Amino acid sequence: MDTVLQAFQIVATPQVLVVMLLSGLFGMFVGAVPGLTATMATALLVPITFFLPPVPAIAAIVTATAMAIVAGDIPGALLRIPGTPASAAYTDESYAMTRKGQGETALGIGLVFSCIGGLFGTAVLILAAPSLAEFAIKFSSFEYFWLVALGLSCAVFITSDAPLKGVITLFLGLLIGCVGLENPAAHPRFTFGSADLLGGVSLIPAMIGMFAISEILRFTLTTEQIGRFHQQIGSVFTGMGALLRKYPRQTLRGSMLGTAVGILPGAGADIAAWMSFAMSKKLSREPEKFGTGHPEGLVEAGAANNSALAGAWVPALVFGIPGDSITAIVIGVLYMKNMNPGPMIFMNNAPSVYAVFLVFIAANLLMLPLGWACIKASARMLRMPRNILMPIILLFCLVGAFAINNAVFDLWILVAFGLAAWVLEENGFPIAPAILGMLLGKMLEENFITSMIKSDGSWLAFVERPIAGALALFTLLLWAGSGWLAWRRRSNSITA
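Please read these numbers as outputs of a predicted model, since none were measured by experiment.

Conventions we followed
The residue numbering used here restarts from 1 in each chain and proceeds along that chain's sequence as written. Residues qualify for local features only when their pLDDT is at least 70, as the model is predicted, and side-chain atom pairs are given and counted only at 80 or more; totals for whole chains, interfaces and linings, by contrast, use all residues. Note that the side-chain values use all heavy atoms of the structure and ignore hydrogens as well as water. Salt bridge, as used here, is a side-chain nitrogen of Lys or Arg placed within 4 Å of a carboxyl oxygen of Asp or Glu. With a 1.4 Å probe rolled over the protein chains alone, any residue whose accessible area is under 20% of its type maximum counts as buried; one over 50% counts as exposed, and the rest are partly exposed. Grouping buried Ala, Val, Leu, Ile, Met, Phe, Trp, Tyr and Cys residues that are joined through side-chain atoms within 4.5 Å yields what is termed a nonpolar core. Numbered from the N terminus, helices here are DSSP runs of H or I no shorter than four residues, and strands are runs of E no shorter than two. Here, residues are in contact when the closest pair of their heavy atoms is within 4.5 Å. Contacts described as polar in this section are N or O atom pairs within 3.5 Å, which, within protein, must combine one atom able to donate a hydrogen with one able to accept it, while residues neighboring in sequence count only if both atoms come from side chains. For a helix, the expected span equals 1.5 Å multiplied by the number of residues minus one. What the arc measures is the spread of directions leading from the helix axis to the C-beta atoms. Orientation is described by axes fitted as lines to C-alpha atoms, over the contacting stretch for helices, and by angles from 0 to 180 degrees between their N-to-C directions. Roughly parallel here means an angle under 35 degrees, roughly antiparallel means over 145, roughly perpendicular means 65 to 115, and every remaining angle is called oblique. Crossing chirality is assigned from the near helix's rotation relative to the far helix, an anticlockwise turn below a right angle marking it left-handed and a clockwise turn marking it right-handed. Residue type decides the class: Asp, Glu, Lys and Arg count as charged, Ala, Val, Leu, Ile, Met, Phe, Trp, Tyr, Cys and Pro as nonpolar, and the leftover types, Gly among them, as polar. Like-charged residues are merged into a patch within 9 Å and nonpolar side chains (Val, Leu, Ile, Met, Phe, Trp, Tyr) within 5 Å, provided each residue has over 30% relative accessible area and no salt bridge. For accessible areas, the Shrake-Rupley method is used with a probe of radius 1.4 Å. Any residue's cover is judged against the shown protein chains and nothing else. Each aromatic pair joins two rings of Phe, Tyr and Trp (for Trp, the six-membered one) with centres within 6.5 Å, and gets the label stacked for planes under 30 degrees apart, edge-to-face for over 60, and tilted for any other angle. Definition used: whenever NZ (Lys) or CZ (Arg) falls within 6 Å of the ring centre and also within 35 degrees of the ring normal, the charge is taken to sit over that ring.

**Student:** Let's hear about the pattern of salt bridges: which residues, and what values?
**Tutor:** Under the defined criterion, the tally for this structure stands at 6 salt bridges. Between K289 and E286 there is a salt bridge; the shortest N-O distance is 3.0 Å. In this structure E286 comes out as partly exposed when scored by relative accessible area, which is 24%. One salt-bridge network, held together by shared partners, links R80, D92 and E425.

Structure follows, in structure tokens:
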């Protein structure tokens with residue numbers, strides 16, 4: 001109890017509270033600008049942490065990343081441009097709600113259920129960090145191979161109305177992920193002699209192009225969407241209680257899955273959101289409503305992405321193993337502040353660790369007022385005529401894509417992927433699986449090659465370990481079940 005009181009005294013100081021407020025505003029801005037990610041927000045804050053004591057330094061990072069993930073939902077819902085990769089999984093769904101005049105509901109779901117998921121993940125972090133981290137450390141390349149394969153299966157679930165087209169765009173994404181030197185052999189693949197492609201295709205410019213540029217092209221070539229968004233965004237909290245009562249299982253399921261995925265080193269909020277949205281559609285009683293502006297998937301994925309942030313701190317604190325790219329940076333800050341991660345951190349720096357736990361709770365609660373203010377400010381964009389808004393969006397897309405690597409080549413990626421996505425969507429091919437393939441393709445290949453080297457080429461090793469065998473069985477049953485359902489649906493349509 002004395003340790004908790006000391007932690008309260010550390011957090012309840014003007015310095016910590018002001019740092020959290022300013023970093024929260026910074027995180028909201030970074031997340032709302034397409035192309036700027038939560039990881040980038042963390043990286044930009046590192047130089048500032050040099051001049052701060054340990055707890056305020058960690059508080060700045062925790063608050064900024066939580067706000068960035070939430071703010072990434074705002075351009076996705078309003079403009080069909082995911083602010084962060086974690087928002088890409090359900091951008092089409094939230095945008096469809098806005099087109100139906102339910103923009104405030106979509107934004108409210110992203111805000112409120114992210115807060116709930118974040119608090120759930122924080123509770124798990126506080127209560128079960130050592131034991132959960134001990135389980136997560138047992139994951140080797142064999143388990144990660146099947147986990148990534150399971151994640152790639154999300155492409156079929158998300159596009160269950162057109163599974164073959166979803167698989168085709170998934171393989172296109174996997175093919176694009178093969179470009180460059182980032183492969184186990186470090187051999188240049190599909191670079192065609194271009195030095196700009198040696199580092200691979202940048203995910204963020206490609207993602208902005210596939211969502212934003214394709215939407216701008218669609219607006220340019222048709223007048224259908226002009227004048228649709230005259231409705232002002234109302235109260236984002238209206239109806240959230242009813243949704244929580246309607247979807248309690250989805251909220252809990254998304255929070256649990258997000259925390260579990262976050263605990264696994266190298267996974268993170270991006271994969272958690274994709275898997276959670278796919279699971280929501282697969283287990284829904286109304287799967288036919290997905291894609292038309294249905295809130296169920298947003299509830300589950302919104303809870304998952306922020307709970308994954310807290311989950312990623314479990315292996316980071318207990319073993320010094322990063323749960324995602326954000327905690328990879330955080331571990332360096334912890335060492336710099338003499339809060340060396342590991343099992344002894346709970347004995348050597350107990351007040352500071354509990355202070356970090358309190359910061360997580362405060363950051364998730366601070367998310368509600370700051371998120372509300374950010375949504376109100378962003379919603380003013382809807383009042384602007386679309387023929388003025390679209391060029392401004394294009395300008396932000398160009399700046400965001402260029403800012404990633406300060407490379408003109410990324411602008412060509414932006415345009416090329418925008419054109420390709422427009423052609424695909426005009427022919428009924430979904431683009432979300434392509435993003436998923438680009439995101440997970442490298443991880444799949446690396447874990448496969450590493451596993452084959454470990455096992456000396458034995459395929460049996462992929463199922464010999466208990467956790468790997470269970471994941472393999474679950475993944476294969478999922479594939480078989482999905483194939484059988486697709487065959488049955490096709491047979492029924494033919495007989496009908």
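**Student:** Let's hear about the nonpolar core: which residues, and what values?
**Tutor:** Inside soluble globular proteins, nonpolar side chains tend to come together where they are buried. In this structure, I58, L125, V201 and W313 are the most contacted members of the largest nonpolar core, which totals 114 residues. The biggest single contributor to this core is helix α19 (residues 350-379), with 12 residues. Excluding residues that lie within four positions of it along the chain, I58 makes contacts with W313, V330, V333, L334 and V356. In this structure, Y144, F145, W146 and I467 belong to the second largest nonpolar core, which totals 15 residues.

**Student:** How would you sum up the environment of N427? Please name residues and give values.
**Tutor:** Inspection of the secondary structure assignment puts N427 in the loop between α21 (409-426) and α22 (432-454). C-alpha separation for the pair N427 and K165, spaced 262 residues apart in sequence, amounts to 9.8 Å.

**Student:** How would you sum up unusual backbone geometry? Please name residues and give values.
**Tutor:** In this model, F192 sits at a positive phi of 50°, which is unusual for a non-glycine residue. If you trace the backbone, F192 turns up in the loop between α10 (163-177) and α11 (203-221). F192 sits in the exposed class, given a relative accessible area of 76%. Even without being glycine, D456 reaches a positive phi, approximately 60°. For D456, the location among the structural elements is in the loop between α22 and α23 (461-464). The class of D456 is exposed, set by a relative accessible area of 73%.

**Student:** With reference to specific residues and values, describe the side chain of E143.
**Tutor:** Within the element layout of this structure, E143 appears in helix α8 (residues 141-152). Residue class for E143 comes out buried when judged on its relative accessible area of 1%. Here the side chain of E143 touches R465 through a polar contact of 2.8 Å, side chain to side chain. For E143, the residues in contact, after removing those within four places along its chain, are K138, R465, I467, A468 and L471.

**Student:** So, helix α2 (residues 14-32): which residues are in play, and what are the values?
**Tutor:** The first and last C-alpha atoms of α2 sit 27 Å apart over 19 residues, in line with the 27 Å expected at 1.5 Å per residue. All buried positions along α2 are accounted for by V16, V19, M20, S23, G24, G27, M28, V30 and G31. Taken around the axis of α2, the buried residues stretch over an arc of 165°, which confines them to a single face. Facing away from the buried side of α2, by more than 90 degrees, are the exposed residues P14, L22 and F29.

**Student:** Could you give me a rundown of the environment of Y354, with the residues and numbers involved?
**Tutor:** Mapped onto the elements, Y354 comes out in helix α19. Between the C-alpha atoms of Y354 and F8, which are 346 residues apart in sequence, the distance is 8.4 Å.

**Student:** Before we move on, could you go through the packing of helix α3 (residues 38-49) against helix α4 (residues 54-71) and cite the residues and values that matter?
**Tutor:** Relative orientation of the contacting elements α3 and α4 amounts to 160°, with a least axis distance of 9 Å. Compared by their axis directions, α3 and α4 come out roughly antiparallel. In the packing of α3 onto α4, the handedness of the crossing is right-handed. Contacts between α3 and α4 involve A38, T42, L45 and T49 from the first element and A57, A60, I61, A64, T65, A68 and I69 from the second. Tallied by class, residues from the contact of α3 with α4 come to 8 nonpolar, 3 polar and no charged.

**Student:** A description of a nonpolar patch on the surface should follow, citing residues and the corresponding values.
**Tutor:** Taken together, L164, I168, L172, L175, F190 and F192 make up a surface patch of nonpolar side chains, about 650 Å² in accessible area. Position of I168 relative to the elements: it lies in helix α10. Take I168: its relative accessible area is 38%, and that puts it in the partly exposed class.

**Student:** With reference to specific residues and values, describe the packing of aromatic side chains.
**Tutor:** In total, this model carries 10 aromatic pairs according to the counting rule given. With a centroid separation of 5.8 Å and 40° between ring planes, the pair formed by F145 and F448 is classed as tilted. In this pair, F145 sits in helix α8 while F448 sits in helix α22, placing the two residues 303 residues apart along the sequence. Judged by centre distance (5.6 Å) and plane angle (45°), the ring pair of F448 and W459 falls under tilted. Of this pair, F448 sits in helix α22 while W459 sits in the loop between α22 and α23, and the two are 11 residues apart along the sequence. A relative accessible area of 58% means that W459 is categorised as exposed. Pairwise contacts between aromatic rings join F142, F145, W146, F448, W459 and F462 into one cluster. Of note, K165 hangs over the ring of F429, and the distance from its end group to the ring centre comes to 5.2 Å.

**Student:** Run through helix α6 (residues 91-99), naming residues and quoting values.
**Tutor:** A large share of α6 lies buried, amounting to 7 of its 9 residues. Restricting attention to buried positions, one finds in α6 the residues T91, E93, S94, Y95, A96, M97 and T98.

Geometric values such as these leave the question of function open.
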